[in-house]
Amino acid sequence: MLESKKLSKKDITILGMRTSFLQASFNYERMQACGFTWAMLPALKKIYGDDKEKLSAAMTDNLEFINTHPNLVGFLMGLMMSLEEGGASRETIKGLKLALFGPIAGIGDAIFWFTLLPIVAGISCSFAAQGSIVGPIIFVATYIVIWILRIVWTHMGYNLGTKSIDIITENSDTIANSATILGITVIGALIASYVSITLLPVIKVDGGIEVSLQTEFFDRIFPNFLPMVITLLLFWLLKKKQINPVILIVSIIVISIFCSWIGLL
């Protein structure tokens, strides 16, 4: 590989910003390929200059199928730019892209969709439910930080170069599994706060004393027992019976209205 630097920090920063349009031209044949190529095009033009043959070859390779995580794609682009700039062969660059976009997608899904955003959404909804403007501010601020980090990941991939390959391939499963476990733990803890079931019936005991079935029985013996049962039942229906989530949502609404009408809830 040649040690010729043609890209500046500004070029890499612009590349990181252009990753925001990764899915602006999404299609089911090549997924994110068009947006992927468009994002890297200015950097590729600067690297290859008037060499239209090499530029064409780079664009052709990048127009092949790719489906990775939008928030972390800058890392892969930065890494590829370091190889393009260093004069690596097309086979090496193409192989690197094919080998890494899957693990990066897995890490990104575990960190962002399954962990960070559900947790932030839960916290934001708690504030919003209390009428506090802090809730939406936290949620929007989180997305702004995630967007800024696109630039950071792009610089990191570019600066690490091929050193990052071992880091990703050796630790992708560990990172993804750790993030997933953390997300499941937090979401599980939020069930008690967001799933609420209150039974209205009361039972008369000796002496005409009325005992609430909810407060005197369930809440004392097993707090949040009913929310846990309903949550596990829905999970079982989704996981084992493959029931459509929309059907479950509509069913819950109908059952809740009926139970309220007969005075159960």
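Scroll up a little and you will see the structure.
Everything quoted here is computed from the prediction, not taken from an experiment.

Visitor: I'd like a description of the overall build of the chain, backed by residues and values.
Guide: Assigned secondary structure in the chain consists of 10 helices and 2 strands. Listing each helix as α and each strand as β along the chain from the N terminus yields α-α-α-α-α-α-α-β-β-α-α-α. Looking at the chain as a whole, 33% of its 265 residues qualify as buried. For the chain, the share of sequence-separated contacts (at least 6 apart) that also reach a separation of at least 24 residues comes to 72%. A total of about 15,800 Å² of accessible surface is found on the chain, and carbon and sulfur atoms cover 68% of it.

Visitor: Run through the nonpolar core, naming residues and quoting values.
Guide: Ranked by internal contacts, the top residues of the largest apolar core, which has 36 residues, are Phe 36, Met 40, Leu 76, Met 77 and Met 81. Among the elements that line this core, the one with the most residues is helix 2 (residues 33-48), at 9 residues.

Visitor: Please provide a residue-by-residue account of the packing of helix 4 (residues 73-86) against helix 5 (residues 90-129), values included.
Guide: Two elements in contact, helix 4 and helix 5, have axes separated by 10 Å at closest approach and are oriented at 165°. By the criterion of interaxial angle, the relationship of helix 4 to helix 5 is roughly antiparallel. Viewed along their axes, helix 4 and helix 5 form a crossing whose handedness is right-handed. Across the interface between the two elements, Phe 75, Leu 76, Leu 79, Met 80, Leu 83 and Glu 84 from helix 4 touch Arg 90, Ile 93, Leu 96, Lys 97, Leu 100, Phe 101 and Ile 104 from helix 5.

Visitor: Which residues make up the packing of aromatic side chains, and what values do they have?
Guide: Under the definition given, this model contains 5 aromatic pairs. Measuring from ring centre to ring centre gives 5.7 Å for Phe 26 and Tyr 28, while their planes differ by 90°; the resulting arrangement is edge-to-face. Taking the relative accessible area as the measure of exposure, Tyr 28 reaches 74% and is therefore exposed. Note that Arg 18 overlies the ring of Trp 38, its terminal NZ or CZ placed 3.6 Å from the centroid.

Visitor: Quick rundown of helix 4? Include the residues and the values.
Guide: An ideal rise of 1.5 Å per residue puts 20 Å on 14 residues; helix 4 measures up with 20 Å between its terminal C-alpha atoms. For helix 4, the tally of buried residues reaches 14 of 14 residues, placing the bulk of the element in the interior. Directly beyond the C-terminal end of helix 4, a positive phi value near 85° is found at Gly 87.

Visitor: Residue-level account of a nonpolar patch on the surface, with values.
Guide: Where nonpolar side chains cluster on the molecular surface, the patch consists of Met 17, Val 140, Ile 144, Trp 147 and Ile 148 and spans about 440 Å² of accessible area. In terms of residue count, the dominant contributor to the nonpolar patch is helix 6 (residues 134-160) (4 residues). Counting through the fold element by element, Val 140 comes out in helix 6. Assessed through its relative accessible area of 49%, Val 140 is described here as partly exposed.

Visitor: Now, about the layout of surface pockets: what can you tell me, with residues and values included?
Guide: Here the largest pocket is characterised by a volume of approximately 760 Å³. Taken together, 26 residues form the lining of the largest pocket, with Val 195, Ile 230, Thr 231, Leu 234 and Ile 252 sitting closest to its centre. Of all the secondary-structure elements, those providing two or more residues to the lining of the largest pocket are helix 7 (163-194), helix 9 (225-239) and helix 10 (245-261). For the lining of the largest pocket, the per-class residue count stands at 20 nonpolar, 6 polar and no charged.

Visitor: Give me unusual backbone geometry: which residues, what numbers.
Guide: Located in the positive-phi region is Met 31, a residue other than glycine, with phi close to 55°. The residue Met 31 is located in the loop between helix 1 (9-18) and helix 2 in this model. Positioned with a positive phi, Gln 242 is a non-glycine residue whose angle comes to about 55°. By the element assignment, Gln 242 lies in the loop between helix 9 and helix 10.

Visitor: Please give an account of the pattern of salt bridges that cites residues and values.
Guide: Counted by the stated rule, this structure contains 5 salt bridges. Residues Glu 84 and Arg 90 are paired through a salt bridge, measuring 2.7 Å at the closest nitrogen-oxygen approach. One network of salt bridges, with partners in common, ties together Asp 61, Glu 84 and Arg 90.

Cut-offs and rules
Residues numbered from 1 in each chain as written. Predicted model: local features only at pLDDT ≥ 70, side-chain atom pairs only at ≥ 80, totals over all residues. Heavy atoms only, no water. Helix = DSSP H or I, 4+ residues; strand = E, 2+ residues; numbered from the N terminus. Buried < 20%, exposed > 50% of the residue type's maximum accessible area, 1.4 Å probe, protein only. Contact = heavy atoms within 4.5 Å. Areas by Shrake-Rupley, 256 points an atom, 1.4 Å probe, with all protein chains shown as cover. Core = buried A, V, L, I, M, F, W, Y, C linked by side-chain atoms within 4.5 Å. Axes fitted to C-alpha atoms, helices over the stretch in contact; angles between N-to-C directions. Parallel < 35°, antiparallel > 145°, perpendicular 65-115°, else oblique. Left-handed = near helix turned anticlockwise from the far one by under 90°. Phe/Tyr/Trp six-rings, centres within 6.5 Å; stacked < 30°, edge-to-face > 60°. Lys NZ or Arg CZ within 6 Å of the ring centre and 35° of its normal. Expected span 1.5 Å × (residues − 1). Patch = residues over 30% accessible without salt bridge, like charges linked within 9 Å, V, L, I, M, F, W, Y side chains within 5 Å. Salt bridge = Lys/Arg side-chain N within 4 Å of Asp/Glu carboxyl O. 1 Å grid on protein atoms, 1.4 Å probe; cavity = no way out; pocket = protein on both sides within 12 Å on 5 of 7 lines; lining within 4 Å. Points joined across faces, edges and corners; volume = space filled by probe spheres on them. Nonpolar A, V, L, I, M, F, W, Y, C, P; charged D, E, K, R; others polar.

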